[in-house]
Amino acid sequence: MSIVQNRKVFHDYFIEERYEAGIALEGWEVKAIRGGRAQIGEGYVIVKGEELFLIGAHISPLPTVSTHFTPDPTRTRKLLMHAEEIRRLIGKVEQRGYTLVPLDLHYAKGRIKLEIALARGKLKHDKRAAEREKEWSREKQRLLRSR
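**Student:** Please clarify how the pattern of salt bridges should be interpreted in this entry.
**Tutor:** Where charged atoms from two side chains of opposite charge come close, those side chains can pair. Tallied over the full model, the rule gives 11 salt bridges. Residue Glu51 is joined to Lys78 by a salt bridge in which the shortest nitrogen-to-oxygen separation is 2.9 Å. Here Glu51, found in strand 5 (residues 51-55), pairs with Lys78, found in strand 7 (residues 77-80); they are 27 residues apart in sequence, far enough to count as distant. The shortest N-O distance in the salt bridge between Glu84 and Arg87 comes to 2.8 Å. Of the two residues, Glu84 and Arg87 are both situated in helix 3 (residues 83-96); the distance of three residues between them amounts to about one turn of the helix. Overall, the relative accessible area of 46% leaves Glu84 in the partly exposed class. Assessed through its relative accessible area of 43%, Arg87 is described here as partly exposed.

**Student:** Just checking my understanding: could you explain the packing of aromatic side chains for this structure?
**Tutor:** What characterises a pair of aromatic rings is the spacing of the ring centres plus the angle enclosed by the ring planes. Applying the stated criterion across every chain, the model contains zero aromatic pairs. Taking NZ or CZ as reference, Lys48 lies 5.6 Å from the ring centre of Phe53, over its face.

**Student:** How do you make sense of the environment of Ile23 when you look at a structure like this?
**Tutor:** Mapped onto the secondary structure, Ile23 falls in strand 2 (residues 13-23). Through-space distance from the C-alpha of Ile23 to that of His58 is 14 Å; in sequence the pair is 35 residues apart. The contacts of Ile23, once residues within four sequence positions are left out, are Arg77, Lys78, Leu79, Leu80, Leu105, Ile112 and Leu114.

Each value, and the rule that gives it
- Going along each chain's sequence as written, the residues are numbered from 1 onward.
- Only residues with pLDDT of at least 70 are given local features in this predicted model, and only at 80 or more are side-chain atom pairs given and counted; all residues enter the totals for whole chains, interfaces and linings.
- Neither water nor hydrogens contribute to the side-chain values; these are computed over all heavy atoms in the structure.
- Salt bridge, as applied in this entry: a Lys or Arg side-chain nitrogen positioned within 4 Å of an Asp or Glu carboxyl oxygen.
- Labels follow the DSSP assignment, with helices taken as runs of H or I lasting at least four residues and strands as runs of E lasting at least two, numbered in each case from the N terminus.
- Under the scheme applied here, a residue whose accessible area is under 20% of the maximum for its type counts as buried, over 50% as exposed, and between as partly exposed, the area being computed with a 1.4 Å probe on protein chains only.
- Geometry of aromatic contacts follows a simple scheme: Phe, Tyr and Trp rings, the Trp one being its six-membered ring, pair when their centres are within 6.5 Å, and the pair is stacked under 30 degrees between planes, edge-to-face over 60, tilted otherwise.
- In this scheme, Lys NZ or Arg CZ marks a charge over a ring once it lies within 6 Å of the ring centre and within 35 degrees of the ring normal.
- Any two residues whose heavy atoms approach within 4.5 Å are treated as being in contact.

Here it is as structure tokens:
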């Protein structure tokens, strides 16, 4: 079940491969995500050493968070994956010029997971061609329905 999606990624990148990763969250973050207060639109994934981190994702704290604790909504969160998967991803990112982007925050067996993608950036003419293709498919559907 999806919590929040990053639709802008499909406009800006060619998606090559998808992976599922766990996220190291604090208790207030889990409650806020369950309350639907998460945004991953500005988020991206970086590699530090042998670890992956989610940067720029915004989780707004609930108003009921403790008064003696000041939450950081955009803190860096560690992603949890098997070491072999991480090594494979690091190799692809460093060698081929790919980037890692968050696609979808969702529940899997009661846990909150993040779907990340190995993506290659689109150039301006690629974006225009994709937009043209989308408009043509809409027009085609419209023509087929009207007959």
